[in-house]
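Close look at the chain arrangement
Letter by letter, the chains look like this.
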Amino acid sequence: MATIDFTEEIQHLRTTLGSIEKVTDLDALKAKIADLEQQASAPDLWDDVENAQKVSAALSHAQSELRRIDDLSSRIDDLEVMVELAAEEDDAETADEAEKELTSIRRTLDELEVRTLLSGEYDERNAVVTIRAGAGGVDAADFAEMLLRMYLRWAERHGYPTKVMDTSYAEEAGLKSVTFEVSAPYAYGNLSVEGGTHRLVRISPFDNQGRRQTSFAAVEVIPLIESTDSIEIPDNDLKVDVFRSSGPGGQSVNTTDSAVRMTHLPTGTVVSMQDEKSQIQNRAAALRVMQSRLLLLKKAEEAAERKELAGDVKASWGDQMRSYVLNPYQMVKDLRTEHQEGNPSAVFDGEIDELIEAGIRWRVGQQKAEAAEA
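This report concerns the structure included in the present document. No experiment lies behind these values; they were computed from the predicted model shown. (Residues numbered from 1 in each chain as written. Predicted model: local features only at pLDDT ≥ 70, side-chain atom pairs only at ≥ 80, totals over all residues. Heavy atoms only, no water.)

A few words now on unusual backbone geometry. Cis geometry marks the peptide bond from asparagine 327 to proline 328, where omega comes out at 15°. Counting through the fold element by element, proline 328 comes out in the loop between strand S9 (322-325) and strand S10 (331-334). Positive phi values are uncommon outside glycine, yet glutamate 338 reaches one of about 70°. If you trace the backbone, glutamate 338 turns up in the loop between S10 and strand S11 (340-341). (Helix = DSSP H or I, 4+ residues; strand = E, 2+ residues; numbered from the N terminus.)

Contact pair helix H3 (residues 49-89) / helix H4 (residues 92-115): the axes reach a minimum separation of 10 Å and the direction vectors enclose 150°. What the angle tells us is that H3 and H4 run roughly antiparallel. Crossing geometry of H3 relative to H4 is assigned as left-handed. Broken down by class, the residue content of the contact of H3 with H4 amounts to 13 nonpolar, four polar and six charged. (Axes fitted to C-alpha atoms, helices over the stretch in contact; angles between N-to-C directions. Parallel < 35°, antiparallel > 145°, perpendicular 65-115°, else oblique. Left-handed = near helix turned anticlockwise from the far one by under 90°. Nonpolar A, V, L, I, M, F, W, Y, C, P; charged D, E, K, R; others polar.)

Here we take up the pairing of S9. The side-chain alternation of S9 yields two buried faces, one formed by Arg322 and Tyr324 and the other by Ser323 and Val325. Looking at chain direction, strand S4 (residues 196-203) and S9 are connected through four bridges and run parallel. Opposite valine 201, over in S9, you have valine 325 as the bridge partner. As defined by bridge partners, S9 adjoins S10 across four bridges and the pair is classed as antiparallel. Paired with arginine 322 across the strands is aspartate 334, a residue of S10. Hairpin connection, S9 to S10: the antiparallel pair is bridged by five residues. (Buried < 20%, exposed > 50% of the residue type's maximum accessible area, 1.4 Å probe, protein only. Pairing = 2+ DSSP bridges.)

A few words now on H3. In a regular helix each residue adds 1.5 Å, so 41 residues correspond to 60 Å; H3 covers 58 Å between its end C-alpha atoms and thus fits that length. One side-chain oxygen at the N-terminal end of H3 lies 3.2 Å from the backbone nitrogen of asparagine 51; it belongs to aspartate 48. (Expected span 1.5 Å × (residues − 1). Polar contact = N/O pair within 3.5 Å; in protein donor to acceptor, adjacent residues only side chain to side chain.)

This structure, assessed with the given rule, holds 21 salt bridges. In this structure, the salt-bridge partner of arginine 68 is glutamate 111, at a minimum N-O distance of 2.3 Å. Note that arginine 68 is positioned in helix H3 and glutamate 111 in helix H4, a separation of 43 residues in sequence. For glutamate 111, a relative accessible area of 25% puts it in the partly exposed group. The network of salt bridges with common partners includes Arg149, Arg153, Glu156, Arg157, Asp349 and Glu351. (Salt bridge = Lys/Arg side-chain N within 4 Å of Asp/Glu carboxyl O.)

Attention shifts here to the packing of aromatic side chains. In the structure shown here, the tally under the stated rule is four aromatic pairs. Each ring, one from phenylalanine 143 and one from tyrosine 324, has its centre 5.6 Å from the other, and the planes form 70°; the classification is edge-to-face. Note that phenylalanine 143 is positioned in helix H5 (residues 137-158) and tyrosine 324 in strand S9, a separation of 181 residues in sequence. A residue is classified by how much of its surface remains accessible, and tyrosine 324, at 0% relative accessible area, is buried. Chaining the aromatic ring pairs together yields one cluster made of Phe143, Tyr324 and Phe348. A cation over an aromatic ring shows up here: arginine 261 above the ring of phenylalanine 243, its NZ or CZ 4.5 Å from the ring centre. Over the face of the ring belonging to tryptophan 362 we find arginine 336, whose NZ or CZ atom lies 5.5 Å from the ring centre. (Phe/Tyr/Trp six-rings, centres within 6.5 Å; stacked < 30°, edge-to-face > 60°. Lys NZ or Arg CZ within 6 Å of the ring centre and 35° of its normal.)

Geometry only, nothing functional implied.
Written as structure tokens, this is what we have:
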């Protein structure tokens, strides 16, 4: 107990929680829960299944957020009692438990604090993630599949539903590209910092001489558009091709031309969908993702214009954003934040929360710096 000033630490925890409560606006959160509960109790709620699912998910998330903050307050109170007991009885075992609980509370507070930093226009939205194999041949295609598993495992750890929307398999192994949706509040806000070029260095399992190979994969993250967003695409701006869905090795997985490839002619933006059962479903999914990409493209163009007027010629923050080194040493390093993880296996198994949180904090710092320069 001599190594930790619990009184000071507990005071710091209470101060941090107070700041989070202030930013979260508990009264507004409680009002939101009351409104969602009223919507959820409507007898005709499930007449519109899609809206009902949105209301239920929003209510569950809001209740969970309030419960998490309330639970933290109770945990800090309990920690204070535990520390007092350990001191009164000179109980080393209770002191060790208090230290572990202190670490756990800190971690939870860090997660909540990062959530308060997600205030972008689309941060609350679901995310649509596309991974494309880059330079590196079959190793790059395998790397793309490793990244897919990493993000799906991350979502699974958090209980976030995911849906693979389109898959293009490479000939030998791995993926040429894949698009999937993560359905969760703030999915886009969290995953948007994952956008950019990822680099893998390892002894290639596909090289019979056992040489070290470097391969690349690009990750794109966009917010899923809502029906309230104002983005309309004239029919004559779209070219729609249909084809038969294919699986690994080029094998057909559907006996009908249900897959859809949609091209926005003015920008050359292409979206493919083949994982739904019918052409109509694939077309609707493709249109929604196309609208999301075009909306984000419009915002990016507006931001680029503002930067050009300000004389800003800095490169995009998303490029060359992370290295995964498996040989000659083991390390995952974010090149923007300098955050490092020494266990690549855990990272590829979805343990990327600290990398994401460091990215969010870095992005907020960049935004503040840019605002100060403007």
